[in-house]
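Chain by chain, the residues run as shown.
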Amino acid sequence: MSLELSAPTQPAPECADDGVWLECIECGEQFAPFDDIRYTCDECDGLLEVRYDDPPTFEDFEGRGVWRYNAGLPFEVGVTLPEGDTPLHEMPRLREDIGVKNLRIKHEGMNPTGSFKDRGMTVGVRVAKELGVGRLACASTGNTSAALAAYGARGGMETLVLLPSGKVAAGKIAQASLHNARILEVDGNFDSCLDIVQDLAAKGEVYLLNSLNPFRLEGQKTIGFEILEEHYEDYGEYPDRIILPVGNAGNTSALYKAFRELVQSGALDESEVPKLTGVQAEGAAPMVEAVRNGNDEVRRWDEVETIATAIRIGNPVNAPKALPGIRNTGGTAISVTDEEITAAQRDLAGEGVGVEPASAASVAGLRKLREAGEISADESVVCLTTGHLLKDPDAAFAAGGNPEPVPNDTEAVLEHINSGSSAVDRVSNRLSKTVDSPLFPALVGGAVAAAYLGYQKLRSKFDDQ
Ligand code: F0G
């Protein structure tokens, strides 16, 4: 029961290095952290976790960013750009609209390469240096590859990334390309890319930096520390719930680990742990299926599709860590449609926060759970937005309004501004853009409804003025 919230701190085993070791979450086998390269248990192939004999308290944290939390990390400093210290935006209008006590958006898109993956890479690439490996590699829906390419470059190391061909947003490939990763486009989905890169790692060809690598999750754990500290500072209490998009379920596992360690050290009471709530796209929702059906195992989905390409994943490899995280915190999981994701992306943008589609899934999930009564009006909620708007410019443009061509003349521009091009036209622009989109057949029902509702809302606003 090593993943229970109440699991006690263990004394360091002989194999530990300065109070740090690796432990299998299935059979409990323990390993030295940096002697050999391993990603899963030698005995049973179970997932590994980094363990500490002295988990941190809030008093141990000092400095800024990810490395503020080094009392809960395997090293003092890493290969840094630097990362972490992301904003926790207030969203007064959205809070009011959705109807919860407090709503904050933890915008991980504000990390150096524009996603939360940077937190994992600052630790992961540091460990790669410790192990003295040559080539770094990952499979990716895009953001991991961008982060690995940048942190590999920063660390002066060679990087190789495997991407599902045609399914990675433009901004992400541009980053991997400019940071000089070798980019292999696989004729398959993310899960096939991960199968291949795991094979390459097993052959000793590459050092794997996907979230199967337990050190990556150590860095991502700091999102949990940061949210708790910031929320407490602002409200004198911790959030009731944290909602996040789920792909491989690495982040869900990492947040749960942060809470467990604080409970272990006595810094946090079990009753204060936020409910972890995962959101997946309807076309790629194996975790939701398992949570909703009460299954202990997650079924691999071979066919996955969603506009939120970052979470277009059918085989969440960290499910054995993440399922207990959702269940033991009293959380839940829900799937959302592509239309709901786009609507949430617009909601966030309407209050100044630009995110990529996968990130907006957290807010879409909040709205849906609130409407279903699964989240109550008196909850304080933090939604995690995992990646920046510019990661996926095509999706942003498809969700947004059209530029309007005007003559090169002030009077003509004035005339154009004052004639016609009202918010109502902009809604119909969005609608016509949706019709042009290759995703039209999937989007049309919801988009028409959303555009119509948006139109009604705008009309009523204009009528009020
Ligand atoms: N949001 C974004 C923007 C992501 O890029 C990812 C994962 C997730 C959410 C899901 O996080 O896997 O920890 O549950 N992207 C990976 C990648 C798979 O390759 O960039 P998770």
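Residues numbered from 1 in each chain as written. Predicted model: local features only at pLDDT ≥ 70, side-chain atom pairs only at ≥ 80, totals over all residues. Heavy atoms only, no water.

**Details of the overall build of the protein**
Check the secondary structure of the protein and you find 16 helices and 13 strands. Its C-alpha radius of gyration of 22 Å places the protein within 12% of the 23 Å reference for a compact globule of 465 residues. Each principal axis of the C-alpha distribution contributes one length, and for the protein these read about 80 × 50 × 40 Å. A buried classification covers 55% of the 465 residues belonging to the protein. Entry remark: accessible area of the protein is about 19100 Å², with carbon and sulfur atoms responsible for 47%. (Helix = DSSP H or I, 4+ residues; strand = E, 2+ residues; numbered from the N terminus. Rg over C-alpha atoms; globule rule 2.2 N^0.38 Å. Buried < 20%, exposed > 50% of the residue type's maximum accessible area, 1.4 Å probe, protein only. Areas by Shrake-Rupley, 256 points an atom, 1.4 Å probe, with all protein chains shown as cover.)

**Overview of the site of the ligand**
The ligand sits among 20 residues. The nearest are Ser140, Thr144, Gly247, Asn248 and Thr386. In the model, an oxygen atom of the ligand is placed 2.8 Å from a nitrogen or oxygen of the threonine 141 main chain. Protein chains bury 99% of the 480 Å² of accessible surface belonging to the ligand in isolation. Of all the secondary structure elements, the ones that give two or more residues to the shell around the ligand are α3 (143-154) and α8 (250-265). (Near = heavy atom within 4 Å. Polar contact = N/O pair within 3.5 Å; in protein donor to acceptor, adjacent residues only side chain to side chain.)

**Observations concerning the sheet that holds strand β11 (residues 275-281)**
Taking strand neighbours across the sheet as the criterion, the 6 strands line up as β4-β5-β13-β10-β11-β12 in an open arrangement whose pairing is mixed. Of all the strands in the sheet, just β4 (88-90) and β12 (333-336) have a single pairing partner and so form its edges. Pairwise comparison of adjacent strand axes, ignoring direction, gives a mean angle of 25° for this sheet. With 3 bridges joining them, β4 and strand β5 (residues 102-107) adopt antiparallel strand pairing. Within β5, the position partnered with histidine 89 by the bridge is isoleucine 105. Where α8 meets the sheet, it contacts β10 (241-245), β11 and β13 (380-385), and its direction lies at approximately 155° from that of β10. On top of the sheet, helix α11 (residues 338-349) reaches β5, β11, β12 and β13; it is set at about 95° to β12, its chief contact. (Pairing = 2+ DSSP bridges. Axes fitted to C-alpha atoms, helices over the stretch in contact; angles between N-to-C directions. Contact = heavy atoms within 4.5 Å.)

**Some remarks on the sheet that holds strand β2 (residues 30-31)**
The strand order across the open sheet formed by 3 strands is β2-β1-β3, and the pairing between neighbours is antiparallel. A single partner strand is all that each edge strand has here, and the edge strands are β2 and β3 (48-52).

**Re the packing of aromatic side chains**
Two descriptors summarise a pair of aromatic rings, namely the distance from one centre to the other and the angle between the planes of the rings. Applying the stated rule across the entire model yields 9 aromatic pairs. Ring geometry for phenylalanine 61 and tyrosine 69: centres 4.7 Å apart, planes at 75°, overall edge-to-face. Its relative accessible area of 2% is what places tyrosine 69 among the buried residues. One aromatic cluster is present, built from ring pairs that chain together Phe58, Phe61, Tyr69, Phe225, Tyr232 and Tyr238. It is arginine 126 that lies over the ring of phenylalanine 75; its NZ or CZ is 3.9 Å from the centre. (Phe/Tyr/Trp six-rings, centres within 6.5 Å; stacked < 30°, edge-to-face > 60°. Lys NZ or Arg CZ within 6 Å of the ring centre and 35° of its normal.)

**A closer look at the pattern of salt bridges**
Where charged atoms from two side chains of opposite charge approach closely, those side chains can pair. Evaluation of the coordinates by the stated rule reveals 32 salt bridges. Note that glutamate 229 is salt-bridged to arginine 68, the shortest N-O span being 2.9 Å. Of this pair, glutamate 229 sits in helix α7 (residues 222-235) while arginine 68 sits in the loop between β3 and β4; the two residues are 161 residues apart in sequence, bridging distant segments of the chain. A single burial state applies to glutamate 229 and to arginine 68, both of which are buried. Note that glutamate 261 and lysine 257 form a salt bridge whose closest N and O atoms lie 2.6 Å from each other. Note that glutamate 261 and lysine 257 are positioned in helix α8 at a spacing of 4 residues, about one turn of the helix. The same class applies to glutamate 261 as to lysine 257, namely buried. Look at the salt bridges and you will find they share partners, linking Lys106, Glu108, Arg119, Glu226 and Glu230 into a network. (Salt bridge = Lys/Arg side-chain N within 4 Å of Asp/Glu carboxyl O.)

**Some points on the environment of glycine 278**
Looking at where glycine 278 falls in the secondary structure, it is placed in strand β11. When its relative accessible area of 1% is taken as the criterion, glycine 278 is described as buried. Here the alpha-carbon distance between glycine 278 and valine 291, two residues 13 residues apart in the chain, equals 9.5 Å. Leaving out residues up to four positions away in the same chain, glycine 278 has contacts with Leu244, Val246, Ile326, Thr332, Ala333 and Ile334.

**Some thoughts on the nonpolar core**
Judged by nonpolar contacts, the single largest core of 55 residues is most densely connected at Leu136, Val197, Tyr207 and Phe215. For this core, the secondary structure elements donating two or more residues are β1 (20-24), β3, α2 (117-131), β6 (136-139), α3, β7 (159-164), α5 (190-202) and β9 (207-208). Non-local contacts of tyrosine 207, meaning those with residues more than four positions away in its chain, are made with Ile37, Tyr39, Gly124, Val127, Ala128, Leu131, Val133, Arg135, Leu136, Ala137, Asn213 and Phe215. (Core = buried A, V, L, I, M, F, W, Y, C linked by side-chain atoms within 4.5 Å.)

**Quick word on the pairing of strand β8 (residues 182-186)**
Pairing between β7 and β8: 5 bridges, direction parallel. Counted as the bridge partner of leucine 163 is glutamate 185 from β8. With helix α4 (residues 170-178) bridging β7 and the parallel β8, this β-α-β connection has right-handed handedness. (Right-handed = clockwise from strand over helix to strand, strands pointing away.)

**Focus: unusual backbone geometry**
Omega for the peptide link from leucine 81 to proline 82 comes to -15°, which places this bond in the cis form. For proline 82, the location among the structural elements is in the loop between β3 and β4. The backbone phi angle of aspartate 45 is positive, close to 70°, even though this residue is not glycine. You can see aspartate 45 is positioned in the loop between β2 and β3. Of the residues examined, aspartate 45 reaches a relative accessible area of 55% and is grouped as exposed. Notably, aspartate 85 is not glycine yet its phi reads approximately 60°, a positive angle. The residue aspartate 85 is located in the loop between β3 and β4 in this model.

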